[in-house]
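Reading the structure
Okay, here's what each chain looks like letter by letter:
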Amino acid sequence: MNTFLKATLCSALVLCLPLTANAHRAWLLPSATVLSGDNAWISVDAAVSNDIFHADHAPMRIDGITIVAPDGTQLAPQNNLTGKFRSVFDVQLPQKGTYKIVLASNGLMANWKTPAGERGMWPGRGEKGNPADIEKNIPTDAQEVQISQFSRRLETFVTSGSPDEKVLKITKQGLELLPITHPNDLFAGETAEFQFHMDGKPVEGVKATIIAGGMRYRNEQAAIDVVSDKNGKISVTWPNAGMYWLSASYRDNKAKKPATVRSGSYAATFEVLPE
Amino acid sequence: MRAHFFAGSLFAAGLLALPCAQAGELTVSVELPSLNVAEYHPPYVAVWLENEKGESRNLAVWYQLEERGKKSEKGEEWLKDMRQWWRRIGRETDMPVDGISGATRKPGTHQLVFTEGKSPLGKLKKGNYVLMVEAAREVGGRELVKVPFTWPAAGEQSAKGNKELGEVKINVQP
């Protein structure tokens, strides 16, 4: 890969979650996911890298971070910092219950070939476009035009006191994960069940990969690969305690016009505790 | 979610008034070993009962109740380190709880006597139970010791921890 292309891709990745499994990986790493006491705080690292949870590539842009409190209200991240390799923010947990930290986007994009054979796309890398403007941004001489509906979502969950389920509700936009097993009640040796939804409906055929942290200290990826069943469900038996990164992607032709393809990517961080 | 199988204070309030001539007892002893370590803090300890359905009942929780000589809730921050207790009942318990909360204890053998029908033990139905004792120590380890017993069957059962807990014993006198 030439340096220019690499640089362009990298800056794009800081803005967007990877759509493919072999791209750099975007992750959120909470300092704790199970908390007690009345004045709980956590700190979260956010970065894009190849090795999960080793910040060695690029920080994630965190201006789009949403923190949903147990009562459904939104909290602002605090003490935000973006460094060379990672962004950091703190979250105060004033209520008891489960919080969701989210970075999500969705929209329409177009790809085409120019008569000269070059690739074109809208919106451009790292740019945002209003879906209503899509048709006037595609050159009239464009060939092989493909308009797709995309969604990207990155999440993690944190609980102060008893876990509850209000924030687990899906938004019914794009590819989402509905936990059946509570995401802050995961233990080594136990099996967790999750359900993938696409635009609010359970969806079969979502490919998901689960990778444990600490990749620098082992020789293989040790990925667990699963595919959602006809009810959209996957189940994962956690081999060990630790932090895990789940990444999933889905693509089909059931898009709303003018799009012909809809695709979604989803990633989440889960903490698994020892028995 | 696991339910508490007993509304402790309700029962206790009614039963305290009754003359219970033959109240049964559970005597629990918990050994906290002396550890030869550079930095020692007395462990947080939770003692609870689990019935056959996996429902839990708190008996005792020893943790930091004070900060610089004053009552403080600061120590609650580390209650979740008693991971199994936290999962099974701790996270649903609003600490402190009278008759259950207590300060951390020094190494040695500590005896606790619980009277059937009285808080925090309350009424025990016939059946199999497990006495659960979990210890978590700051800059140290964590350990859970389980001692199964049957109510109402008189006798003594015990189990031993490896590091953070010594012998845990229960004497059942119905």
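Residues numbered from 1 in each chain as written. Chains lettered and ligands numbered in written order. Predicted model: local features only at pLDDT ≥ 70, side-chain atom pairs only at ≥ 80, totals over all residues.

**Focus: the overall build of chain B**
Put simply, the rule is: What counts as a helix is a DSSP run of H or I of at least four residues, what counts as a strand is a run of E of at least two, and both are numbered from the N terminus. Three exposure classes are used, based on other C-beta atoms lying within 10 Å of a residue's own C-beta, which is placed from the backbone: buried for 20 or more, exposed for 12 or fewer, and partly exposed in between. Residues are scored as being in contact if the C-beta atoms we place from backbone atoms lie within 7 Å.
Tallying secondary structure elements over chain B gives two helices and eleven strands in all. Along chain B, helices (α) and strands (β) appear in the sequence α-β-β-β-β-β-α-β-β-β-β-β-β when read from the amino end. Taken across its 174 residues, chain B has 34% of its residues classed as buried. Here the contacts in chain B between residues at least 6 apart in sequence split such that 62% fall between residues at least 24 apart.

**A closer look at the overall build of chain A**
Selection criterion: Only C-alpha atoms enter the radius of gyration; for comparison, a globular chain is expected to reach 2.2 Å times N to the power 0.38, where N is the number of residues.
When helices and strands are counted, chain A shows one helix and 19 strands. Here chain A has a C-alpha radius of gyration of 19 Å; the compact-globule value for 275 residues is 19 Å, and the two agree. Principal axes of the C-alpha set define a box for chain A whose edges measure 60 × 40 × 40 Å. Looking at the 275 residues of chain A, the share that counts as buried comes to 37%. Contacts in chain A between residues far apart in sequence, at least 24 positions, make up 69% of those at least 6 positions apart.

**Digging into the confidence of the model for chain B**
Close inspection of predicted coordinates is inappropriate for parts of the model with low pLDDT. All names here are of chain B. The condition that has to hold: For every residue, the predictor states its confidence as a pLDDT score lying anywhere from 0 to 100.
Overall, the prediction assigns chain B a mean pLDDT of 90, with 87% of residues at 70 or greater. This model gives residues 7-20 a pLDDT under 50, and the stretch forms 15 contacts once residues within four places in sequence are excluded. Across the assembled chains, the prediction reports ipTM 0.83 with pTM 0.86.

**Concerning the sheet that holds strand E8 (residues 127-136) of chain B**
Residues and elements named next belong to chain B. Stated formally: When DSSP finds at least two bridges between two strands, those strands are taken to pair.
In space, the five strands of this open sheet follow the order E6-E3-E2-E8-E9, with mixed pairing throughout. Sheet topology places strand E6 (101-102) and strand E9 (142-151) at the edges, where each strand pairs with a single neighbour. As defined by bridge partners, strand E3 (residues 56-62) adjoins E6 across two bridges and the pair is classed as parallel. Paired with Trp62 across the strands is Gly102, a residue of E6.

**Re the confidence of the model for chain A**
Of the residues in chain A, 92% have a pLDDT of 70 or more, and the chain-wide mean is 91. Every residue in residues 1-22 of chain A is under pLDDT 50, and counting partners more than four places away or in other chains gives 35 contacts.

**Quick notes on the nonpolar core**
Put simply, the test is: Joining buried Ala, Val, Leu, Ile, Met, Phe, Trp, Tyr and Cys residues through C-beta atoms within 7 Å gives a set, and that set is a nonpolar core.
Core analysis: the biggest nonpolar cluster contains 56 residues, and Trp27(A) and Leu246(A) have the highest contact counts within it. Once residues within four sequence positions are removed from consideration, Leu246(A) is found in contact with Ala208(A), Ile210(A), Ala267(A), Ala268(A) and Phe270(A). Core analysis: the second largest hydrophobic core is formed by 35 residues, Leu59(B), Ala60(B), Trp85(B) and Ile89(B) among them.

**Side note on the interface of chain A and chain B**
Applicable threshold: Gly counts as polar in this scheme, as do all residues outside two lists: the nonpolar Ala, Val, Leu, Ile, Met, Phe, Trp, Tyr, Cys and Pro, and the charged Asp, Glu, Lys and Arg.
At the interface, eight residues of chain A touch nine residues of chain B. For the side of chain A that touches chain B, a count of residues per class yields three nonpolar, four polar and one charged.

**Brief notes about the sheet that holds strand E10 (residues 155-160) of chain B**
All names here are of chain B. Cut-off, in case you're wondering: Each axis is a line fitted through C-alpha atoms, taken for helices only over the stretch in contact, and angles between the N-to-C directions span 0 to 180 degrees.
Strands sit in the order E7-E1-E11-E10 across an open sheet of four strands; the sheet is antiparallel. One side of each edge strand has no neighbouring strand; the edge strands of this open sheet are strand E7 (108-115) and E10. Averaged over all pairs of adjacent strands, the angle between their axes in this sheet comes to 15 degrees, without regard to strand direction. Pairing of E10 with strand E11 (residues 167-173) involves six bridges; the strand directions are antiparallel.

**Looking at unusual backbone geometry**
In this structure, Pro120(B) follows Ser119(B) across a cis peptide bond, with omega equal to 5 degrees. One can find Pro120(B) in the loop between E7 and E8. That bond from Trp151(B) to Pro152(B) is cis: its omega, 5 degrees, falls within 30 degrees of zero. Within the secondary structure layout, Pro152(B) lies in the loop between E9 and E10. One non-glycine residue with positive phi stands out, namely Ala222(A), at about 50 degrees. Structurally, the position occupied by Ala222(A) is in the loop between strand E15 (207-212) and strand E16 (224-227).

**Quick word on the pairing of E9(B)**
As paired strands, E8(B) and E9(B) are joined by ten bridges and run antiparallel to one another. Opposite Tyr129(B), over in E9(B), you have Phe149(B) as the bridge partner.

**Some details on the environment of Arg91(B)**
Checked against the element boundaries, Arg91(B) lands in the loop between helix H2 (83-88) and E6. Considered as a pair, Arg91(B) and Leu165(B) are 74 residues apart in the sequence and their alpha carbons are 23 Å apart. Apart from the residues lying within four places of it in its own chain, the contact partners of Arg91(B) are Gly161(A), Ser162(A) and Trp86(B).

**Some words on the environment of Ile62(A)**
Residues and elements named next belong to chain A. With respect to the element layout, Ile62 can be found in the loop between strand E4 (58-59) and strand E5 (66-68). For Ile62, a count of 19 C-beta atoms within 10 Å translates into the label partly exposed. Along the chain, Ile62 and Pro77 lie 15 residues apart, while their C-alpha atoms are 9.0 Å from each other. Apart from the residues lying within four places of it in its own chain, the contact partners of Ile62 are Ala46, Pro77, Asn80, Ser87 and Phe89.

**Some details on the environment of Ala136(B)**
All names here are of chain B. By secondary structure assignment, the location of Ala136 is in strand E8. On a C-alpha basis, the gap between Ala136 and Glu50 in space is 19 Å, while along the polypeptide they are 86 residues apart. Residue contacts for Ala136: discarding those within four places in its chain leaves Pro43, Tyr44, Asp81, Met82 and Arg142.

**Remarks on the pairing of strand E13 (residues 191-198) of chain A**
All names here are of chain A. In terms of strand pairing, strand E12 (residues 175-179) meets E13 through five bridges, oriented antiparallel. Looking across to E13, one finds that Leu177 is bridged to Phe196. In this sheet, strand E17 (residues 233-237) lies alongside E13 in antiparallel orientation, the contact comprising five bridges. Residue pairing for E17: Glu193 is matched across the bridge by Ser235. Here two bridges tie E13 to strand E14 (residues 201-202), and the two strands are oriented antiparallel to one another. Residue His197 lies in a different strand from E14, and its bridge partner there is Pro202. Where E13 folds back onto E14 in an antiparallel hairpin, the turn is made up of two residues, including Asp199, whose phi is positive at roughly 50 degrees.

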